[in-house]
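An overview of the molecular structure
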Amino acid sequence: MALLVVRGLPAALYWSALAGIRDVVAVGLLQATSLPFIVAAITIGLQVHAIGPANAAALVAAGLFSVILFPVISLQLLKIRPPRSRQDV
């Protein structure tokens, strides 16, 4: 949930440039995917003994879920679009 709030919420800044709420949610989900940053932060946290191995494993699992699920969900949101009329183009 924190990934979505911290990394996905800035997608609301693109509201005027995107076609609607579906696009904003899709962009937010794509922005929220992050594994390298999480792994780097966990590595540093483990080295300085700021977090335990169980917490590190849970954070890596959350990062993996974000990398696997968020792009799939966002692509499904982008695929399910109402057809545009010729006047909108």
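We now turn to the structure provided with this report. (Residues numbered from 1 in each chain as written. Predicted model: local features only at pLDDT ≥ 70, side-chain atom pairs only at ≥ 80, totals over all residues. Heavy atoms only, no water.)

1. With respect to the overall build of the protein chain
Definition in use: Secondary structure elements are defined from DSSP: runs of H or I of at least 4 residues count as helices, runs of E of at least 2 residues count as strands, and each element is numbered from the N terminus. Each residue is placed in one exposure class: buried if its accessible area under a 1.4 Å probe, protein chains only, is under 20% of its type's maximum, exposed if it is over 50%, and partly exposed if it falls in between. What makes two residues a contact is simply this: any of their non-hydrogen atoms within 4.5 Å. All accessibility values rest on the Shrake-Rupley procedure with a 1.4 Å probe; residue burial counts only the protein chains present in the view.
For the protein chain, the count of helices and strands is four helices and zero strands. Shown N-terminal to C-terminal, the secondary structure of the protein chain runs as helices and strands in the order α-α-α-α. Taking all 89 residues of the protein chain together, the buried fraction comes to 20%. Contacts in the protein chain between residues at least 24 apart in sequence constitute 65% of all its contacts with a sequence separation of at least 6. Within the structure as shown, the protein chain displays about 6,400 Å² of accessible surface, and the carbon and sulfur contribution to it stands at 72%.

2. Quick word on a nonpolar patch on the surface
Put simply, the rule reads: Candidates for patches are residues over 30% relative accessible area with no salt bridge; among them, like charges are joined within 9 Å and nonpolar side chains (Val, Leu, Ile, Met, Phe, Trp, Tyr) within 5 Å. Salt bridge, as applied in this entry: a Lys or Arg side-chain nitrogen positioned within 4 Å of an Asp or Glu carboxyl oxygen.
Residues L64, F65, V67, I68, L69 and I73 make up a contiguous nonpolar surface patch of roughly 540 Å² in combined accessible area. Position of I68 relative to the elements: it lies in helix α4 (residues 53-79).

3. Things to note about the packing of helix α2 (residues 21-32) against α4
Note the cut-off: Axis lines are fitted to C-alpha atoms, over the contacting stretch for helices. Their N-to-C directions set the angle, which ranges from 0 to 180 degrees. Between 65 and 115 degrees an angle is taken as roughly perpendicular, under 35 as roughly parallel, over 145 as roughly antiparallel, and anywhere else as oblique. Put simply, a crossing is left-handed when the front helix is turned counterclockwise from the back one by less than a right angle, and right-handed when it is turned clockwise.
At a minimum axis separation of 8 Å, α2 and α4 run at an interaxial angle of 160°. Judged by the angle between their axes, α2 and α4 are roughly antiparallel. The two elements α2 and α4 cross, and the hand of that crossing is left-handed. Contacts between α2 and α4 involve R22, D23, V25, A26, L29, L30 and A32 on the former and, on the latter, S66, F70, P71, I73, S74, L77 and L78.

4. A word on α2
Heads up, the rule is: The span expected for a helix works out to 1.5 Å for each residue beyond the first.
If you check α2, its first and last C-alpha atoms are 16 Å apart, about what 12 residues at 1.5 Å a residue would give, namely 16 Å. Listing the buried residues of α2 in full gives D23, V24, A26, G28, L29 and A32.

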